[in-house]
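A look at the structure
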Amino acid sequence: KAGVTQTPRYLIKTRGQQVTLSCSPISGHRSVSWYQQTPGQGLQFLFEYFSETQRNKGNFPGRFSGRQFSNSRSEMNVSTLELGDSALYLCASSFSGDTEAFFGQGTRLTVV
Amino acid sequence: ILNVEQSPQSLHVQEGDSTNFTCSFPSSNFYALHWYRWETAKSPEALFVMTLNGDEKKKGRISATLNTKEGYSYLYIKGSQPEDSATYLCASTDVGGFKTIFGAGTRLFVKA
């Protein structure tokens, strides 16, 4: 069975632009969580979606948003990009949010 | 907000040494504790998910214990090998599975 797929793998954007990242979970998984990892930091929780509903959100500014579609695929959007948004963005899918999570390979975003 | 802490931050051992790391987490609203292994340029890989106080899980040379009353978990690696070199992450999921908070990880270096 296919794993978690994130696209694109790498992205370079300019300050002020916006970006959309995509995450396709493992078939049958309804929970998708997003995380940001910056150099020297652990994984910071962005938000979690389950059945198209955002159930929880981390401490990130409103420029970070997301959504989940009926097929459980999820997108994350960052508007008005800042240099500090350069990071590895990981998504993880699980059956219900509290079970074993499987990670995608991440999207490496560089803001210049 | 959950606060998950891991120690030590990094660890250098010789091949054949046994080692252990600590993960501490708030015990209120606790549902599950996850351990992941994260190798450079790869996705985090799930090692264990534990929910019950006193749980002990084992996979090959790696084992983990859980104390939910005092809010800590230990990960043990017996006879470390160079291929065990990775970052070991723990994460705590709250009741309902809405939010999983990761610790900053323990970076293990095993020298041959």
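Now for a description of the structure that goes with this document. All figures in this text were calculated on a predicted structure; none of them were measured in a lab.

Criteria and thresholds
- Residues numbered from 1 in each chain as written.
- Chains lettered and ligands numbered in written order.
- Predicted model: local features only at pLDDT ≥ 70, side-chain atom pairs only at ≥ 80, totals over all residues.
- Heavy atoms only, no water.
- Pairing = 2+ DSSP bridges.
- Helix = DSSP H or I, 4+ residues; strand = E, 2+ residues; numbered from the N terminus.
- Axes fitted to C-alpha atoms, helices over the stretch in contact; angles between N-to-C directions.
- Contact = heavy atoms within 4.5 Å.
- Buried area = accessible area lost by both parts, 1.4 Å probe.
- Salt bridge = Lys/Arg side-chain N within 4 Å of Asp/Glu carboxyl O.
- Polar contact = N/O pair within 3.5 Å; in protein donor to acceptor, adjacent residues only side chain to side chain.
- Buried < 20%, exposed > 50% of the residue type's maximum accessible area, 1.4 Å probe, protein only.

The next thing to look at is the sheet that holds strand β7 (residues 62-67) of chain B. All names here are of chain B. Ordered by their spatial adjacency, five strands build an open sheet running β1-β3-β8-β7-β6, and the pairing between neighbours is antiparallel. Looking at strand neighbours, the two that pair on one side only are β1 (5-7) and β6 (56-59), the edges of this open sheet. Here the strands of the sheet are splayed against their neighbours by 15 degrees on average, with no regard to which way each runs.

Right, let's talk about the interface of chain B and chain A for a bit. Of the residues lining the interface, 22 residues belong to chain B; the matching set on chain A comes to 20 residues. With both chains or domains summed, chain B and chain A bury close to 1700 Å², and 58% of this area falls on carbon and sulfur atoms. Inspection of the region where chain B meets chain A yields zero salt bridges. Remark: the boundary between chain B and chain A carries three residue pairs in polar contact (both at pLDDT 80 or more).

This part covers the sheet that holds strand β3 (residues 19-24) of chain A. Residues and elements named next belong to chain A. Across the sheet, which stays open at both edges, the four strands sit in the order β1-β3-β8-β7 with antiparallel pairing between neighbours. Edge strands, defined here as strands with exactly one partner in the open sheet, are β1 (5-7) and β7 (64-68). Averaged over all pairs of adjacent strands, the angle between strand axes in this sheet comes to 15 degrees, irrespective of strand direction. Where β1 lies against β3, three bridges are found, and the strand directions are antiparallel. Each bridged residue has a counterpart across the sheet, and for Thr7 the counterpart in β3 is Ser22.

So, on to the pattern of salt bridges. All names here are of chain A. Counted under the stated rule, the structure contains eight salt bridges over all chains. In this structure, Glu48 and Arg55 form a salt bridge, with 2.7 Å as the shortest nitrogen-oxygen distance. According to the relative accessible area criterion, Glu48 is buried, its value standing at 1%. Here Glu75 makes a salt bridge to Arg67, at a shortest N to O gap of 3.2 Å.

All names here are of chain A. Mapped onto the elements, Ser74 comes out in strand β8 (residues 74-78). Reaching out from Ser74, the side chain makes a polar contact with the backbone oxygen of Arg67 at a distance of 2.9 Å. Look past the residues within four positions of Ser74 in its chain and what remains in contact with it is Leu21, Ser22, Cys23, Val32, Trp34, Tyr49, Arg67 and Gln68.

Residues and elements named next belong to chain A. In terms of burial, β8 is largely enclosed, as five of its five residues are buried. On β8, burial covers both faces: Ser74, Met76 and Val78 on one face and Glu75 and Asn77 on the other are all buried. Both β7 and β8 contribute to a ladder of five bridges, which runs antiparallel. Its bridge partner lying in β8, Ser65 is registered against Asn77. Hairpin connection of β7 to β8: five residues between the antiparallel strands, including Ser72 at a positive phi of 75 degrees.

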